[in-house]
Amino acid sequence: MKTATLERPGQFTFSDTAQPGDPGPGQVLARVLIIGICGTDLHAFEGTQPFFSYPRVLGHELAVEVIATGEGVTSFVPGDQCAVNPYVTCGVCAACVRGRSNCCAKMCVIGVHADGGMCDRILLPAKQIYKCAKLTPVQIPLVETLGVGIHAVGRAGVQAGDRAIVCGAGPIGLSVIEFLRMAGADIGVVEKMPERLEFASRHHGLTRAYPSHDEARQEEPSMLVFDCTGDKGSMEKAIHLLQQGGKLVFVGIVNDSISLFDPDLHRREATILASRNSTPAEHHRVLEYMESGAIDIAAWPTECASPADMGARFPLWLRREAGIVKAVVEWA
Ligand SMILES: [Zn+2]
Ligand SMILES: [Zn+2]
């Protein structure tokens, strides 16, 4: 079968690899349909992804179709189109037993820490997949992306009417905006790429839209600030957008230290929260919202590439050119 391996930063190789065997107990054998590409993949390609080693088969945002089921798998039948929860967790660590499996101490993300879906067929634990009868294959990988957003908004404990601002209007920033909108927050956005700023503000009717932190600082500060940039400079400046007593949520990740001037924190009595991944319960809520139409990502500027074009497109997606918000690879 065809498999793409990221051998080292900047280099994919395609090879003919052995098909996986029959599914074992609790497993399904699935055909990969669509692979969403996110910052994690782009940073792995760039060589700046923390907790990453090469070579690796990427692909953690997946739409798959079940081909065969192993012993004891009763919830799926061949032909089911499914989303994949790529977060394989231990179930016994301090985080897992407190319901916070999103930050499991032994977190293994399929397509990041273990080989993922850039191949024709994959064996998956049945407990890691969700049936998506009402979604198109292109929408399905967004369950993971939106999961990151719903988790971040949950971390902040947002209330209707809360003044919030989101730094970065890529897929994660847009996911956060979707759930802030559902919660009834008053939403602002900071994004330096004009196409992304224009899309976020037009799509959500946001009047508080700024091309830079400096411009956003001119307005009244927000009770909730979400940094979805993964950019050190933005993460360090975000505190200046925060109201007294507010919460700053770092949704993005940067492989670097972040430095904050302590009086800026102290004066505000700021709460700083990290937000990592999402939980199965959150994935189920995302699926409900997508299937009911409460969240519609059809308008997001998406580019579909073929596996053959993928290697050439990665550097362009990395530079976030032409306002593409979400890139997906149509594998089958
Ligand atoms: Zn992702
Ligand atoms: Zn755990």
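This text goes with the structure placed above it.
A brief look at the structure comes next. (Residues numbered from 1 in each chain as written. Chains lettered and ligands numbered in written order. Predicted model: local features only at pLDDT ≥ 70, side-chain atom pairs only at ≥ 80, totals over all residues. Heavy atoms only, no water.)

## Here's the deal with the overall build of the protein chain
Here's step 1: Across its full length, the protein chain holds 10 helices and 17 strands.
Here's step 2: In terms of C-alpha radius of gyration, the protein chain reaches 20 Å, essentially the compact-globule figure of 20 Å for 332 residues.
Here's step 3: If one aligns the C-alpha atoms of the protein chain with their principal axes, the spans along those axes are about 60 × 40 × 35 Å.
Here's step 4: For the protein chain, the proportion of its 332 residues judged to be buried stands at 52%.
Here's step 5: A sequence separation of at least 24 residues applies to 69% of the contacts in the protein chain between residues at least 6 apart.
Here's step 6: As displayed, the protein chain offers around 14000 Å² of accessible surface, 51% of which is attributable to carbon and sulfur atoms.
Here's step 7: Between the mean site of the 30 positive side-chain charges and the mean site of the 37 negative ones, the protein chain shows a separation of 4 Å. (Helix = DSSP H or I, 4+ residues; strand = E, 2+ residues; numbered from the N terminus. Rg over C-alpha atoms; globule rule 2.2 N^0.38 Å. Buried < 20%, exposed > 50% of the residue type's maximum accessible area, 1.4 Å probe, protein only. Contact = heavy atoms within 4.5 Å. Areas by Shrake-Rupley, 256 points an atom, 1.4 Å probe, with all protein chains shown as cover. Lys, Arg positive; Asp, Glu negative; His and termini not counted. Charge placed at Lys NZ, Arg CZ, Asp CG, Glu CD.)

## Re the coordination of the zinc ion (ligand 2)
Octahedral six-donor coordination of a metal ideally yields angles of 90 or 180 degrees, compared with 109.5 degrees for tetrahedral four-donor coordination.
Here's step 1: Within the first shell, the zinc ion (ligand 2) binds the protein through Cys90 (SG), Cys93 (SG), Cys96 (SG) and Cys104 (SG), at distances of 2.3 to 2.4 Å.
Here's step 2: Here the donor residues for the zinc ion (ligand 2) map to a single chain with the spacing C-x2-C-x2-C-x7-C.
Here's step 3: Looking at cysteine 96, the relative accessible area reads 12%, which means it is buried.
Here's step 4: Look at cysteine 104 and you get buried, because its relative accessible area is 2%. (Donors = N, O, S within 2.8 Å, 3.2 Å for Na, K, Ca; no water.)

## Thoughts on the side chain of threonine 3
Here's step 1: By the secondary structure assignment, threonine 3 is in strand E1 (residues 2-8).
Here's step 2: By relative accessible area, which is 6% here, threonine 3 ends up buried.
Here's step 3: Among the polar contacts listed, one links the side chain of threonine 3 to the side chain of threonine 17, at a separation of 2.6 Å.
Here's step 4: Ignoring any residue separated from it by four or fewer positions in sequence, one finds threonine 3 in contact with Thr13, Phe14, Ser15, Thr17, Val57, Met118 and Cys119. (Polar contact = N/O pair within 3.5 Å; in protein donor to acceptor, adjacent residues only side chain to side chain.)

## Describing the pattern of salt bridges
Here's step 1: Following the criterion strictly, the structure yields 15 salt bridges and no others.
Here's step 2: A salt bridge links arginine 313 to glutamate 303; the nearest nitrogen and oxygen atoms lie 2.7 Å apart. Separated by 10 residues along the polypeptide, arginine 313 in helix H10 (residues 307-318) and glutamate 303 in strand E16 (residues 302-305) bring together distant segments of the chain.
Here's step 3: We classify arginine 313 as partly exposed; its relative accessible area is 22%.
Here's step 4: The class for glutamate 303 is buried, based on a relative accessible area of 17%.
Here's step 5: Via salt bridges that share partners, Arg163, Asp186, Arg208 and Glu219 belong to a single interconnected network. (Salt bridge = Lys/Arg side-chain N within 4 Å of Asp/Glu carboxyl O.)

## Considerations on the nonpolar core
Here's step 1: Residues Met118, Leu180, Phe226 and Phe314 are the most contacted members of the largest nonpolar core, which totals 91 residues.
Here's step 2: When residues in this core are grouped by element, the largest group, eight residues, is from helix H3 (residues 142-156).
Here's step 3: Setting aside anything within four residues of it in sequence, one finds phenylalanine 226 in contact with Ala152, Val153, Ala156, Ala164, Ile165, Val166, Cys167, Val176, Leu180, Val249 and Val251.
Here's step 4: Ranked by size, the runner-up nonpolar core spans 13 residues in total, among them Val190, Ala216, Val225 and Ile239. (Core = buried A, V, L, I, M, F, W, Y, C linked by side-chain atoms within 4.5 Å.)

## So, the coordination of the zinc ion (ligand 1)
Here's step 1: Within the protein, the atoms that donate to the zinc ion (ligand 1) are Cys38 (SG), His60 (NE2), Glu61 (OE) and Glu144 (OE), at distances of 2.1 to 2.8 Å.
Here's step 2: Every donor counted, the four donor atoms about the zinc ion (ligand 1) form angles of 70 to 162° at the centre, which fits irregular coordination.
Here's step 3: Summarised as a motif, the one-chain spacing of the donors to the zinc ion (ligand 1) is C-x21-H-E-x82-E. With a gap of 23 residues between them, cysteine 38 in the loop between strand E3 (27-37) and helix H1 (39-46) and glutamate 61 in strand E4 (residues 61-69) connect regions that are remote in the sequence.
Here's step 4: With a relative accessible area of 1%, glutamate 61 lands in the buried category. (Tetrahedral: all angles 85-135°; square planar, octahedral: opposite > 155°, others 65-115°.)

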